[in-house]
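Chains, contacts and geometry: an overview
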Amino acid sequence: MLSMKLRWLEAFSLSLCTSTNLIANPPTITPSPQLIPPPTTFTQHLLTNEHELSIMGPGVLNKDNIAESFANRLRTGLTIKAFGDGTVKDGIGAHGWHIRPDLDLTHDLLSIESAAQTDGHQDTISSLRTESAAVLAALYLIRAICTFYDIKKSPSYIQYHLDNKEALRRLNNTDDATFFDTANPITTDYDIWAAIRDATSSTPGIHFGTHVKGHQDEHNPIDSLSPEAQVNIRMDKIAGDCRIAHPFPLPAKAHLGNQVSLTLNGHIVTTKILLQLRTALTASFLQDYIKRKENWDDHIFFMIDWQAHRSYLASLPSPKRVNVIKMIHNWQYTKSRAMLFEETESSSCPMGCGMDEAAMHHLGCPSLPASDLRSINRWMSHQNTAPPIQLAIMSSLKAWISDEPIPPLPGDTTDKLDRIIALAHTEQSLIGWTQVFKGRLSNKWTTAQGLWYDHMRHNLPSSKKIPKRYTGPIWMKKLVAQLIYYNLNRWQIRNEAAQATESADEYRKTREMHQSTITA
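Summary of the structure given here. For clarity, every value in this text was computed on a predicted model and none was experimentally measured.

In this section: the pairing of strand 1 (residues 80–89). Put simply, side chains in a regular strand alternate between the two faces of the sheet. Taken across its 10 residues, strand 1 has 9 buried, putting it largely inside the fold. In terms of strand pairing, strand 1 meets strand 4 (residues 157–162) through 4 bridges, oriented parallel. Note that in strand 4 the partner of Ala82 across the bridge is Tyr160. Connecting strand 1 to the next strand, strand 2 (residues 92–100), in antiparallel fashion are 2 residues, including Asp90 with a positive phi near 55°.

It is worth spelling out the nonpolar core at this point. Within the largest apolar cluster, 42 residues are counted, with the highest numbers of intra-cluster contacts made by Trp445 and Leu479. Elements with a contribution of two residues or more to this core: helix 12 (306–314), helix 13 (318–328), helix 15 (374–382), helix 16 (387–401), helix 17 (416–431), helix 18 (443–459) and helix 19 (472–517). Looking at this core, the element that brings in the most residues is helix 19, giving 8 residues. Discounting chain neighbours no more than four positions away, the residues touching Leu479 are Trp379, Met380, Ile393 and Leu441.

The strand order across the open sheet formed by 5 strands is 3-2-1-4-5, and the pairing between neighbours is mixed. The open sheet is flanked by strand 3 (112–118) and strand 5 (206–211), the only strands paired with a single partner. Taken over all neighbouring pairs, the strand axes of this sheet differ in orientation by 20° on average, direction set aside. As defined by bridge partners, strand 2 adjoins strand 3 across 7 bridges and the pair is classed as antiparallel. When the bridges of strand 3 are listed, Gly96 appears paired with Ala115.

Attention now moves to the environment of Gly59. Mapped onto the elements, Gly59 comes out in the loop between helix 3 (50–56) and helix 4 (64–76). Classification of Gly59 by relative accessible area gives buried; the value is 19%. In the structure, Gly59 is positioned 56 residues away from Ala115 in sequence and 6.9 Å away in space, judged by C-alpha atoms.

A few words on the side chain of Arg440. Structurally, the position occupied by Arg440 is in the loop between helix 17 and helix 18. Relative accessible area serves as the criterion here: at 1%, Arg440 is assigned to the buried category. One polar contact links Arg440 to Gln435, side chain to side chain, over a distance of 2.9 Å. Every residue in contact with Arg440, bar those within four places of it in the chain, is listed here: Ile290, Glu294, Trp296, Ile304, Trp306, His309, Ile328, His329, Gln428, Ile431 and Gln435.

Analysis parameters
Residues numbered from 1 in each chain as written. Predicted model: local features only at pLDDT ≥ 70, side-chain atom pairs only at ≥ 80, totals over all residues. Heavy atoms only, no water. Buried < 20%, exposed > 50% of the residue type's maximum accessible area, 1.4 Å probe, protein only. Helix = DSSP H or I, 4+ residues; strand = E, 2+ residues; numbered from the N terminus. Pairing = 2+ DSSP bridges. Core = buried A, V, L, I, M, F, W, Y, C linked by side-chain atoms within 4.5 Å. Contact = heavy atoms within 4.5 Å. Axes fitted to C-alpha atoms, helices over the stretch in contact; angles between N-to-C directions. Polar contact = N/O pair within 3.5 Å; in protein donor to acceptor, adjacent residues only side chain to side chain.

And the structure:
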């Protein structure tokens, strides 16, 4: 045996020293099989399936007595109640879920409750995915109970209470005979849906979903709500706590039950498959075009919150989107652009300010009515924008429009929010303050505003709750809309003034021509 090992090591070392393997069939050492004893407890059984346990979360472990009580309910046909909710913020998702014997809230000791981070790409993960993952987690636990306690059939009803109507619709449409006819593989989060279908088809019991209105505690005391609403609120809370505990995104996993999947750049695509295919084919060329046009390197390019930019553009009807894209890429019909196509002999501003009319000249043209940024300032105040963010952005925009130096911000502060704002200001100066009016803002502004909203939530009294829509990404998308609207409005003012000037010039020229033909 020792000599065989030496010969194998010699052959292996030879193969490392040469460009080709000199051993056609090197000997292999096969370890003797080890018999793994079957699990004797329910917790041991759960630990044998790492994939399903990662979806269920650690709260299912060491609950053997409760699991056995659920097994008895499944054998005798008693109903089981399941709840789930999910949350997404800054590309990180999590889900919380819960199964219980009934709606008596004093029976919490008879329930099993857990939470886990939801897998999914940080740019595309959706709330639907997190809430569907909560359903899948509860299903996996019930199936594990049936497997361990050898329950092949059960007349029990397993009722899932969800506040996401699409997740509810999908749960109620997992029939084997029709699933692959109605469930389109390019549908958002099809992989989770297919996994739910696979789990329901292999789990005893009658599975169905019921809608419960979410977030009822925003306007009502919790004690006044129904038991279903109270448990739903708790699931939202534990899902949020789990998300906060996981600061990094969890890439999408390969789920069971899928007949088709797509992987791009090492990531499993779970949503907007056609868009992501088109993006994969064209994005690099468009990115190179923008970087060349704006003289950016990769570092500056990826400072921008492109997610907010894309989200805003996607919300526009096609005609308006065309106008916005023309503005963003400097394709508006300015005098400089007309001169480029040899359609005029001068690039001078048609307002007569004496300057060349280059792209974005209309924002600061002295011959037009003075730029009024008060609408943006009012919007920021209305959205509870962090005061230092509002001051940094507004003072810089006023300076840029007035062709004055951008005021610097202090960066040597011990406050985390101020440090991020100073970094956002520095990055925006690298990106360009002109780009702000095109909706190209540093993603650090998004991060800073998200921190501010979190600060408000933790410091305001419970009677003054911040709406859940107050998040950094939603704020940034709305800010992009405000800035681009302002830009387009200024362009409209320029066009109206230019047309009035051109009409007056045409009238003057026509009048002079007719006067020259008049004879005494």
